[in-house]
Amino acid sequence: MATNLLFDIAWTHVTSRVRQTLVGMAGVAMGVGFTIMMAGLMQGSQIDFLHQLVDTMPHVTVQDERRAAPTQPAEQDYGAVQISDLANLNSRPGITYPETMMAALRSWLPGDVAPSAKTTAIIDHGGGRVGVTLVGIDPRLEVKVSKLASQMREGQLGDLSRAPNAIIIGEALAEKLGVRAGNSLLVIGGGGTEITASVVGLFRSGLKRIDEGQIYSLMSFAQLMMGQSGVVNELRLRLDEPLAAQRIAAQVEAQTGYKSVSWQEANADLLSTFSVRDFIVLTVMGAMLLTSSFATYNIISTITHEKRQDIAIMKSLGMREYAVRRIFIIEAAIIGAVGILAGWLLGYALCYFWSKITIYNMLTGARVPLQIYYSPMHYIVAGGVSLICCTGAAFFPARKATRVHPVEIIRGAS
Amino acid sequence: MSEIALQAVGLVKRIEGAVSHTLVNGIDLAVARGEFLAITGPSGSGKSSLLYLLGLLDAPSDGEVIICGQKTSNLSESERADVRLTRCGFVFQFHFLLPEFTALDNVLLPMRAAGKIAEKEMRERGLELLDSLGLKDHANKRPNQLSGGQRQRVAIARALSNRPEIIVADEPTGALDTASTEQVFGILRDIADSGRTVIVVTHDPALAARADRRVHIVDGTIADVTARHAPAREATAAGA
């Protein structure tokens with residue numbers, strides 16, 4: 001059956017019902033447009049959050065611990081022996097020969113590595129106590145592995161070296177404690193060591209748990225708080241390609257024997273939440289597209305009802321049932337295709353206007369724009385799904401209509 | 001003996017249901033190539049049902065329809081559609097033209113559906129047909145711009161477009177005035193005279209009398225057969 005003929009008939013049907021056709025196209029356009037906007041908004045906010053996360057924390061963290069207890073001599077000699085409650089013979093914490101290890105890693109690592117001494121501490125100020133994570137860093141190496149230098153709001157990273165017992169704290173923590181750069185705080189280490197430290201800078205990462213719960217100092221200060229001079233208990237890696245972190249972490253762990261945690265592993269719960277959110281949003285978007293196709297269903301149902309006589313006559317002339325059915329599928333495809341094109345424009349416009357909207361961030365007090373991610377994939381997927389929904393919606397009324405027996409209609413008309 | 005264009009053998013059409021009803025009851029009929037056959041009978045006698053069976057629009061409950069030597073009882077619905085498209089042309093009481101299409105587009109419809117000739121040739125043939133039926137100036141008009149007689153002539157042109165061997169017409173003049181009736185019947189007569197088989201259901205005895213043969217149906221069976229100038233055509237009406 002000549003496709004041109006079927007297309008001509010379909011085109012005639014849809015163009016002779018302008019209002020109905022426009023309503024159908026508008027339904028499809030709304031579904032596609034809002035789906036694109038939601039996808040852009042969802043992925044934009046997600047990517048923005050991940051960028052913040054990836055910028056704020058090391059891509060891979062090598063810790064001075066192992067995933068599993070090392071194989072014991074007794075296990076090697078007696079395969080069936082069971083061992084539990086192992087005591088660590090190495091009483092000194094930290095990574096062994098960190099400089100050598102860093103040099104070895106730098107020889108192949110697509111990125112850089114810096115040491116740190118990480119411990120917990122309590123800040124005692126103004127009668128209040130706040131527990132924090134104290135990260136001792138080398139400011140010259142730190143710039144290679146974190147965005148801390150660019151996140152400074154007051155002071156500079158290098159100021160850590162210009163004052164004794166200097167610390168840098170987050171803006172949120174400073175606000176909580178009521179301190180400013182230049183003020184002094186009492187820092188209490190885990191072993192009870194108390195040192196008065198000077199706040200030489202304030203940073204803002206954008207992540208509340210970091211801005212309120214993490215402070216930075218020189219390595220020597222952190223080591224002093226730990227009571228372990230010279231100890232390095234963490235190597236922090238920054239990679240050229242953050243998404244390669246899991247693979248690199250596995251390689252580093254295999255090379256060093258120390259537990260190496262990628263940013264994905266460290267935030268597995270969060271990423272899992274993203275997956276759930278993705279699923280929910282995709283379900284909602286799918287429902288939107290499906291709902292929008294109901295307009296097409298209505299139109300095709302109406303046309304097939306109105307055209308029962310034409311269907312009968314086409315069948316009586318010798319057009320096959322599937323060919324007549326294809327006419328209505330083509331009609332739905334025409335409505336869908338034009339609706340999708342309009343939906344693409346609508347989606348782009350919505351994304352553009354939404355990106356101009358700013359939301360007040362209660363944590364930072366700043367107004368931040370809605371992050372929109374523009375991706376051709378959003379347009380392709382929304383368009384593709386919508387087209388399938390439209391043609392699918394047309395299939396059932398078309399099938400029902402074309403099953404009609406021509407004699408019944410011809411007799412009825414007579 | 002003339003070549004048989006269409007033959008019905010023991011044709012039965014029953015409507016099954018709470019109360020079964022037999023519309024066509026064991027009809028045997030042979031129609032020769034180029035014959036003009038009129039089927040008459042009172043309302044509800046089964047003449048239209050017989051016509052739909054002969055034109056393969058409907059499937060018989062029993063019996064066989066043979067078109068140009070081809071048995072059709074074992075054909076699938078799609079194969080029956082192909083036979084209708086290429087071997088039969090239909091004209092109904094109402095024109096049943098597609099309202100959004102022009103007269104020419106309606107005439108082209110079966111040719112385009114068959115897809116056997118080039119677009120240019122189709123248009124030429126379509127215009128030729130409209131011209132032969134006095135509709136050349138109306139080729140680009142839509143059905144609602146035509147009179148009843150003109151619409152029916154367009155429907156005849158459409159029935160002729162694939163050059164079928166058989167034209168099946170169900171009361172083609174039923175909705176026309178006297179002048180148009182005369183014109184349409186004249187056209188059908190000409191078609192038959194040109195060598196095609198024409199089978200017409202009509203209530204009009206005067207028109208039926210102008211056919212080569214008249215088959216009168218009562219209660220689904222052939223009650224009477226009258227030949228206009230027998231034995232000019234030697235078609236048989238067994239069972240009559």
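Here is what the cut-offs are and how they apply
Residues numbered from 1 in each chain as written. Chains lettered and ligands numbered in written order. Predicted model: local features only at pLDDT ≥ 70, side-chain atom pairs only at ≥ 80, totals over all residues. Helix = DSSP H or I, 4+ residues; strand = E, 2+ residues; numbered from the N terminus. Rg over C-alpha atoms; globule rule 2.2 N^0.38 Å. Buried ≥ 20, exposed ≤ 12 C-beta atoms within 10 Å, placed from the backbone. Contact = placed C-beta atoms within 7 Å. Axes fitted to C-alpha atoms, helices over the stretch in contact; angles between N-to-C directions. Left-handed = near helix turned anticlockwise from the far one by under 90°. Nonpolar A, V, L, I, M, F, W, Y, C, P; charged D, E, K, R; others polar. Domains from an automatic or database assignment. Pairing = 2+ DSSP bridges. Core = buried A, V, L, I, M, F, W, Y, C linked by C-beta atoms within 7 Å. Expected span 1.5 Å × (residues − 1). pLDDT = per-residue confidence, 0-100. Bend = angle between axes of the 7 residues up to and from the residue.

(A) Focus on the overall build of chain A. When its secondary structure is counted, chain A shows 15 helices and twelve strands. Against the 2.2 N^0.38 benchmark of 22 Å for 414 residues, chain A shows a C-alpha radius of gyration of 33 Å, more extended than a compact globule. Reported as C-alpha extents along the three principal axes, the dimensions of chain A are approximately 105 × 60 × 40 Å. The 414 residues of chain A split such that 41% are buried. Look at the contacts in chain A between residues 6 or more apart in sequence, and 80% of them connect residues 24 or more apart.

(B) Region of interest: the overall build of chain B. Check the secondary structure of chain B and you find seven helices and ten strands. By the compact-globule yardstick of 18 Å for 240 residues, chain B fits well, its C-alpha radius of gyration being 17 Å. In chain B, which comprises 240 residues, the proportion classed as buried is 52%. Long-range contacts, defined here as pairs at least 24 residues apart, represent 70% of the contacts in chain B between residues at least 6 apart.

(C) Examining the packing of helix α11 (residues 268-306) of chain A against helix α14 (residues 376-402) of chain A more closely. All names here are of chain A. Two numbers describe how α11 lies on α14: the axes approach to 8 Å, and their chain directions differ by 35 degrees. Judged by the sense of rotation from one axis to the other, the crossing of α11 with α14 is right-handed. Residues Gly286, Leu289, Leu290, Ser292, Ser293, Phe294, Thr296, Tyr297, Ile300, Ser301 and Thr304 of α11 touch α14, and the partners they reach there are Ala382, Val385, Ser386, Cys389, Cys390, Ala393, Ala394, Pro397, Ala398 and Ala401. In terms of residue class, the contact of α11 with α14 is built from 14 nonpolar, seven polar and no charged.

(D) Molecular detail of the interface of chain B and chain A. Taken residue by residue, the interface counts 22 residues in chain B and 19 residues in chain A. Contributing elements (two or more residues each) for the side of chain B that touches chain A: α2 (77-87) and α3 (103-114) of chain B. Among the elements that line the side of chain B that touches chain A, the one with the most residues is α2 of chain B, at six residues. Across the side of chain B that touches chain A, the residue classes tally to 13 nonpolar, three polar and six charged.

(E) Broad picture of the domain arrangement of chain A. Residues and elements named next belong to chain A. Looking at chain A, the domain boundaries give domain 1 (3-54 + 270-413) and domain 2 (96-257). For domain 1 and domain 2, the distance between their C-alpha centres works out to 52 Å. Listed as interface residues are five residues of domain 1 and, on the opposing side, six residues of domain 2. Residues that form the side of domain 1 that touches domain 2 fall into these classes: three nonpolar, two polar and no charged.

(F) Region of the structure containing the sheet that holds strand β2 (residues 21-32) of chain B. Residues and elements named next belong to chain B. What the four strands build is an open sheet, ordered β2-β1-β4-β5; its pairing is antiparallel. Pairing within the sheet leaves two strands with one partner each, and these edge strands are β2 and β5 (70-71). Both strand β1 (residues 4-15) and β2 contribute to a ladder of nine bridges, which runs antiparallel. From the neighbouring strand, Leu6 faces β2, where its bridge partner is Val31.

(G) Focus on the nonpolar core. Ile39 and Ile199 of chain B are the most contacted members of the largest nonpolar core, which totals 127 residues. Among the elements that take part in this core, helix α13 (residues 321-355) of chain A stands out by supplying twelve residues, more than any other. Apart from the residues lying within four places of it in its own chain, the contact partners of Ile39 of chain B are Lys47, Leu50, Leu51, Ile199, Val200, Val201, Val215 and Ile217 of chain B. Residues Leu134, Met225, Met226 and Ile248 of chain A belong to the second largest nonpolar core, which totals 55 residues.

(H) Quick look at the sheet that holds strand β6 (residues 88-91) of chain B. Residues and elements named next belong to chain B. The strand order across the open sheet built from six strands is β6-β7-β8-β3-β9-β10, with neighbouring strands paired in mixed fashion. Each end of this open sheet is capped by a strand with a single partner; those strands are β6 and β10 (221-227). For this sheet, the mean inter-axis angle between neighbouring strands, taken without regard to orientation, is 20 degrees. Examined bridge by bridge, strand β7 (residues 166-170) and strand β8 (residues 197-201) share five bridges and lie parallel to one another. Its bridge partner lying in β8, Ile166 is registered against Thr197.

(I) Quick look at the pairing of strand β3 (residues 36-40) of chain B. All names here are of chain B. Taken across its five residues, β3 has five buried, putting it largely inside the fold. Bridge count for β3 against β8 is four bridges, and the pairing is parallel. Looking at the pairing, Phe36 lines up with Val198 of β8.

(J) Representation of the environment of Thr202 of chain B within the structure. Residue and element names in this part refer to chain B. For Thr202, the location among the structural elements is in the loop between β8 and α7 (205-208). Judged by local crowding, Thr202 falls into the buried class, with 26 C-beta atoms found within 10 Å. Measuring from C-alpha to C-alpha, the distance between Thr202 and Leu6 comes to 19 Å, with 196 residues separating the pair along the chain. Not counting the four nearest positions on each side in its chain, Thr202 is found in contact with Ala38, Thr40, Glu171, Thr173, Leu207 and Ala208.

(K) Seen up close, helix α5 (residues 148-160) of chain B. Residues and elements named next belong to chain B. Taking 1.5 Å per residue, 13 residues should reach 18 Å; α5 reaches 19 Å between its end C-alpha atoms and fits that length. Burial within α5 is extensive, with twelve of its 13 residues counted as buried. When we look at burial in α5, the residues that qualify are Gly149, Gln150, Arg151, Gln152, Arg153, Val154, Ala155, Ile156, Ala157, Arg158, Ala159 and Leu160.

(L) The arrangement of the confidence of the model for chain B in detail. Residues and elements named next belong to chain B. Scored by pLDDT, chain B has a mean of 87; 94% of the residues are at 70 or more. Here residues 230-240 is modelled with pLDDT under 50, and outside its nearest four sequence neighbours on either side it reaches 24 contacts, counting other chains as well. Scored as a whole, the predicted complex attains pTM 0.72, and scored at its interfaces, ipTM 0.84.

(M) Structural detail: the environment of Met101 of chain A. Residue and element names in this part refer to chain A. Within the fold, Met101 resides in helix α4 (residues 98-106). Owing to 21 C-beta atoms within 10 Å, Met101 belongs among the buried residues under this scheme. Leaving out residues up to four positions away in the same chain, Met101 has contacts with Ile95, Leu235 and Thr256.

(N) Spotlight on α14 of chain A. Spanning 27 residues, α14 of chain A covers 38 Å between terminal C-alpha atoms, matching the ideal 39 Å at 1.5 Å per step. Of all the bends in α14 of chain A, the greatest, near 25 degrees, is centred on Phe395 of chain A, and the proline Pro397 of chain A appears no more than four residues after it.

(O) Molecular detail of unusual backbone geometry. Residue and element names in this part refer to chain A. Of note in the backbone geometry, Tyr97 takes a positive phi value of approximately 45 degrees without being a glycine. Within the fold, Tyr97 resides in the loop between α3 (73-77) and α4. Positive phi, close to 50 degrees, is recorded for Asn165, a residue that is not glycine. With respect to the helices and strands, Asn165 occurs in the loop between β4 (152-154) and β5 (166-170). The exposure class assigned to Asn165 is partly exposed, which follows from the 19 C-beta atoms found within 10 Å.

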